[in-house]
Amino acid sequence: MEKTINGEVLNIPEHVAVIMDGNGRWAKKRLMPRTYGHSVGAKAIEAACENCDEIGIKYLTVYAFSTENWKRSVEEVSTIMNIFRKYLVDSIERSNRNNMRVRIIGKREGLPEDIVKKIEDLEKATAGNTGLQFTVAINYGGRDELVRAAKNIAKDYKDGIITEADITEDLMSRYLDTREITDPDLLIRTSGELRTSNFLPWQIAYSEFYFTDCMWPDFDMNELVKAVRYYTGRDRRYGGVK
Ligand code: IPE
Ligand code: IPE
Ligand code: MG
């Protein structure tokens, strides 16, 4: 979709996925604990939702906690879990005010029970909202998602629900956590790292990648527009010739 922003014609991606990285380094540079970076990073998520909605992005998916992030100190992990607790509760009112639907992807197993309950409450409370479709990846790992999908496919095959011939790319997509959302058009990673760290490996097969040195707590509307400007300049061929 084309949209004019400050006199500039931009091609707005339908779905933007973000690897929100750099909270720890952002805090360290300010001589603050890493956990402070996570609190400010959480605020930047709220702003990103508003900014994406404002410029006409339909789906925003963010990587908040990976299956690998449990390797961090107990203190850091428990601070991040507390940020989720507050975020999941506060989001109900804010999302309903903004017509935003929130989904959480990732493995529920291994998450504290009260967080799983808060996730279910938030998803249910916002299920009817038709504005920004916002997805948060918590305890998410792309390989874990594929393994869970493979197990469910095996089970449905064994139960006679599907046949071998039913197993197509489309069916695979429907067994993933992202079954209700489109594949990302644009993947953004902040903090200067050039890797995808196990985020949406199946879904980003044809996404455009934008890497920036900006640390996640500093990611504002100006940075979002820069990413969309980059996307506007890309020629998406999908293996064909133009
Ligand atoms: C991203 O910031 C947030 C999470 C992974 C939870 P980091 O905490 O990875 O920040 P850096 O990469 O150490 O600076
Ligand atoms: C990726 O960031 C995970 C999230 C943003 C939640 P990491 O900081 O965990 O990734 P690596 O360790 O640099 O690959
Ligand atoms: Mg990091």
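A few points on the structure. No experiment lies behind these values; they were computed from the predicted model shown. (Residues numbered from 1 in each chain as written. Chains lettered and ligands numbered in written order. Predicted model: local features only at pLDDT ≥ 70, side-chain atom pairs only at ≥ 80, totals over all residues. Heavy atoms only, no water.)

**Thoughts on the nonpolar core**
In step 1: One finds Val 18, Leu 60, Phe 84, Phe 134, Ile 188 and Trp 216 to be the most contacted residues of the largest nonpolar core, which totals 45 residues.
In step 2: If sequence neighbours within four positions are ignored, Leu 60 has contacts with His 15, Val 16, Val 18, Ala 48, Cys 49, Cys 52, Leu 132, Gln 133, Phe 134 and Thr 135.
In step 3: Within the second largest apolar cluster, ten residues are counted, among which are Ile 19, Ile 105, Leu 187 and Leu 200. (Core = buried A, V, L, I, M, F, W, Y, C linked by side-chain atoms within 4.5 Å. Buried < 20%, exposed > 50% of the residue type's maximum accessible area, 1.4 Å probe, protein only. Contact = heavy atoms within 4.5 Å.)

**Regarding the pattern of salt bridges**
In step 1: Enumeration according to the criterion identifies 28 salt bridges in this entry.
In step 2: In this structure, Asp 144 and Arg 148 form a salt bridge, with 2.8 Å as the shortest nitrogen-oxygen distance. Of the two residues, Asp 144 and Arg 148 are both situated in helix H5 (residues 142-158); the distance of four residues between them amounts to about one turn of the helix.
In step 3: Put simply, Asp 21, Arg 25, Arg 189, Glu 193 and Arg 195 are held in one network by salt bridges that share partners. (Salt bridge = Lys/Arg side-chain N within 4 Å of Asp/Glu carboxyl O. Helix = DSSP H or I, 4+ residues; strand = E, 2+ residues; numbered from the N terminus.)

**What to know about the site of ligand 2**
In step 1: Taken together, Ile 19, Met 20, Asp 21, Tyr 63, Ala 64, Phe 65, Asn 69, Arg 72, Arg 189, Arg 195 and Ser 197 make up the full set of residues near ligand 2.
In step 2: Between ligand 2 and the protein, one listed contact pairs an oxygen atom with a side-chain N or O atom of Arg 189 at 3.3 Å.
In step 3: A distance of 2.6 Å separates an oxygen atom of ligand 2 from a polar atom in the side chain of Ser 197.
In step 4: The cavity where ligand 2 resides is the largest pocket.
In step 5: The element that contributes the greatest number of residues to the shell around ligand 2 is strand E4 (residues 59-66), accounting for three residues.
In step 6: Grouping the constituent residues of the shell around ligand 2 by class yields five nonpolar, two polar and four charged. (Near = heavy atom within 4 Å. Polar contact = N/O pair within 3.5 Å; in protein donor to acceptor, adjacent residues only side chain to side chain. 1 Å grid on protein atoms, 1.4 Å probe; cavity = no way out; pocket = protein on both sides within 12 Å on 5 of 7 lines; lining within 4 Å. Sits in = over half its atoms within 2 Å of the grid points. Nonpolar A, V, L, I, M, F, W, Y, C, P; charged D, E, K, R; others polar.)

**Considerations on the packing of aromatic side chains**
In step 1: If you walk through the whole model with that rule in mind, you get ten aromatic pairs.
In step 2: Measuring from ring centre to ring centre gives 4.3 Å for Tyr 63 and Phe 199, while their planes differ by 10°; the resulting arrangement is stacked. One end of the pair, Tyr 63, is in strand E4; the other, Phe 199, is in the loop between strand E7 (186-189) and strand E8 (208-211), and 136 residues separate them in sequence.
In step 3: Aromatic rings pair up to connect Tyr 63, Tyr 140 and Phe 199 into one cluster. (Phe/Tyr/Trp six-rings, centres within 6.5 Å; stacked < 30°, edge-to-face > 60°.)

**Here's the deal with the environment of Arg 101**
In step 1: With respect to the helices, strands and loops of the structure, Arg 101 is situated in strand E5 (residues 101-105).
In step 2: Taking C-alpha positions, Arg 101 is 9.3 Å from Lys 124, a pair spaced 23 residues apart along the chain.
In step 3: Once residues lying within four places of it in the same chain are set aside, the contact partners of Arg 101 are Thr 126, Ala 127, Asn 129, Leu 132, Gln 133, Phe 134 and Glu 180.

**Topic: the site of ligand 1**
In step 1: The environment of ligand 1 is made up of 13 residues, and the closest members are Asp 21, Gly 24, Arg 25, Arg 34 and Arg 72.
In step 2: In the environment of ligand 1, an oxygen atom lies 3.2 Å from a nitrogen or oxygen atom belonging to the backbone of Asn 23.
In step 3: One of the side-chain nitrogen or oxygen atoms of Arg 34 is found 2.9 Å away from an oxygen atom of ligand 1.
In step 4: For ligand 1, whose unbound accessible area comes to 380 Å², protein coverage reaches 87%.
In step 5: Among the cavities detected, the one that contains ligand 1 is the largest pocket. (Areas by Shrake-Rupley, 256 points an atom, 1.4 Å probe, with all protein chains shown as cover.)

**Digging into H5**
In an α-helix, one turn spans 3.6 residues; hence positions three or four apart end up facing the same way.
In step 1: An ideal rise of 1.5 Å per residue puts 24 Å on 17 residues; H5 measures up with 24 Å between its terminal C-alpha atoms.
In step 2: Summarising the contacts, the buried residues of H5 are in contact with strand E6 (133-140) and helix H6 (169-174).
In step 3: Backbone geometry just downstream of H5 places Gly 160 in the positive-phi region, at approximately 75°. (Expected span 1.5 Å × (residues − 1).)

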